[in-house]
Amino acid sequence: MNSAAPIGIFDSGIGGLTVAHTITKLLPNENIIYFGDTAHLPYGDKSTAAIQAYSIKICNVLLQQKCKVIVIACNSASAAAYELVREYVGSKAMIINVIDPVVNFIGENFTEKTIGLIGTKQTVGSNIYLRKTNALNRDVQLKSLATPLLAPMIEEGFFNNNISQSIINQYLENPELSGIEALILGCTHYPLIKKQIEDFYHKSVSVLDTSEIVAKFLQKYLSDNQLLNPMNAHIRHFYVSDYTTSFENSTKLFFGEQIHLEHYPLWE
Ligand code: DGL
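Nothing here was measured: the structure is a model prediction, and the numbers come from that model. (Residues numbered from 1 in each chain as written. Predicted model: local features only at pLDDT ≥ 70, side-chain atom pairs only at ≥ 80, totals over all residues. Heavy atoms only, no water.)

A.B. asks: Describe the nonpolar core, listing the residues and the values that go with them.
C.D. replies: Ranked by size, the top nonpolar core spans 50 residues in total, and within it Leu183 and Ile197 carry the most contacts. Discounting residues that sit within four places of it in the chain, Leu183 has contacts with Gly116, Leu117, Ile118, Leu172, Leu177, Ile197, Tyr201, Val205, Ser206, Val207 and Leu208. The next biggest cluster of nonpolar side chains, apart from the first, holds 27 residues, and it includes Ala50, Val61, Leu63 and Ala93. (Core = buried A, V, L, I, M, F, W, Y, C linked by side-chain atoms within 4.5 Å. Buried < 20%, exposed > 50% of the residue type's maximum accessible area, 1.4 Å probe, protein only. Contact = heavy atoms within 4.5 Å.)

A.B. asks: Please set out the sheet that holds strand β7 (residues 182-186) residue by residue, giving values where relevant.
C.D. replies: In space, the 4 strands of this open sheet follow the order β6-β5-β7-β8, with parallel pairing throughout. A strand with exactly one partner marks an edge of an open sheet, and here the two such strands are β6 (141-146) and β8 (206-208). The average angle at which neighbouring strand axes cross in this sheet is 20°, direction not considered. Bridge analysis of strand β5 (residues 114-119) against β6 gives 6 bridges, and the strand direction is parallel. Among the inter-strand pairings, Gly119 is bridged to a residue of β6, identified as Ala146. (Pairing = 2+ DSSP bridges. Helix = DSSP H or I, 4+ residues; strand = E, 2+ residues; numbered from the N terminus. Axes fitted to C-alpha atoms, helices over the stretch in contact; angles between N-to-C directions.)

A.B. asks: How would you sum up the layout of surface pockets? Please name residues and give values.
C.D. replies: Of the pockets and cavities examined, the largest pocket occupies roughly 280 Å³. At the level of secondary structure, the elements contributing two or more residues to the lining of the largest pocket comprise α3 (75-89) and α7 (150-155). In terms of residue count, α7 provides more of the lining of the largest pocket than any other element does, 3 residues in total. In terms of residue class, the lining of the largest pocket is built from 8 nonpolar, 7 polar and 3 charged. Lining the second largest pocket we find Pro101, Asn104, Phe105, Glu108, Lys194, Val207, Leu208, Asp209, Glu212, Ile213, Lys216 and Phe217. Those elements giving two or more residues to the lining of the second largest pocket turn out to be α4 (100-109), β8 and α10 (210-224). (1 Å grid on protein atoms, 1.4 Å probe; cavity = no way out; pocket = protein on both sides within 12 Å on 5 of 7 lines; lining within 4 Å. Points joined across faces, edges and corners; volume = space filled by probe spheres on them. Nonpolar A, V, L, I, M, F, W, Y, C, P; charged D, E, K, R; others polar.)

Below you can see the structure in the form of C-alpha cells.
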C-alpha cells in the first residue's frame, strides 16, 4: 500500500468533519478526501439496508481516489455498514469505524464502571455498543439513550445557547442515564455540544469525545503499519452528494474554518 495515498473519510453529511478536523490536526502530513452524503442525511433514521447501499457507493468513490484507509466517520454508518464495507473493500484499503476504537478505550479505562451512550436511533437501536462492550468481559454496564433531536439541532446552529441547553438537559435527565461515570458521545455531531454536556454534569461524568479517540487510533494504526505519509499533504478534497451554500456555510461549525465543498453526485 502507498503511504502517500490519501485517507478517505465519510459521513452522512458534514458532522463527520469533526473527526476529519481532529485527524488533520493530529496528522497534518496526511492527504484527506472527505465525502459527506448530504443527499441522504440524516442516516440516523434510515434503514440498515439503505445505509449499507449508500456506504458502498461512497467507498467506491474513495477507492477510485486510491485511499489507503477509509474512516467511517459516522456512528450510524459504522453500526449499519462496517462489516459489509470491510468485506466489500477487502485488501484494497483498511477500514476504520468510529465504534471499535471507543469500545477499546472503554475496556482500557472503565473496567467495572457504568457508562452512558447517546446517539441516533440507528446507532442506539442496533445495540452494537452494548454487544461490543459486553464482549470485552470487563464488567462494563452500558446505559443507552437515543437522542435524535440533537444532530438536527446542532446543524441548525443551536448549540451554546439556552434552547440547546434545555434540550440537552431533558435528554440527560432521563433515568435511563442515571448513575453513569462516563458518557460516550456516539454521534459525530456531538463534539460541538461537549461543553454543554459537561456543564450539565458539573464535570462529575467524563464526557468522551470520540473524534479524539478515533484520530489517535488511526495515528497508531498508520504508524504500526509504516503508512504515515512521509511527505507534506497536498490533497484536501471535501465532496458532498448534494451541494447547498448552507452546507458550505455550516462547515465552519464542524471543521473550525470554512472549507469549499465540491459537488459529487452519487447516483447520476
Ligand atoms: N453523524 C451521524 C452519526 O455519527 C449522525 C447524523 C445522521 O443521522 O446522519 O451517527
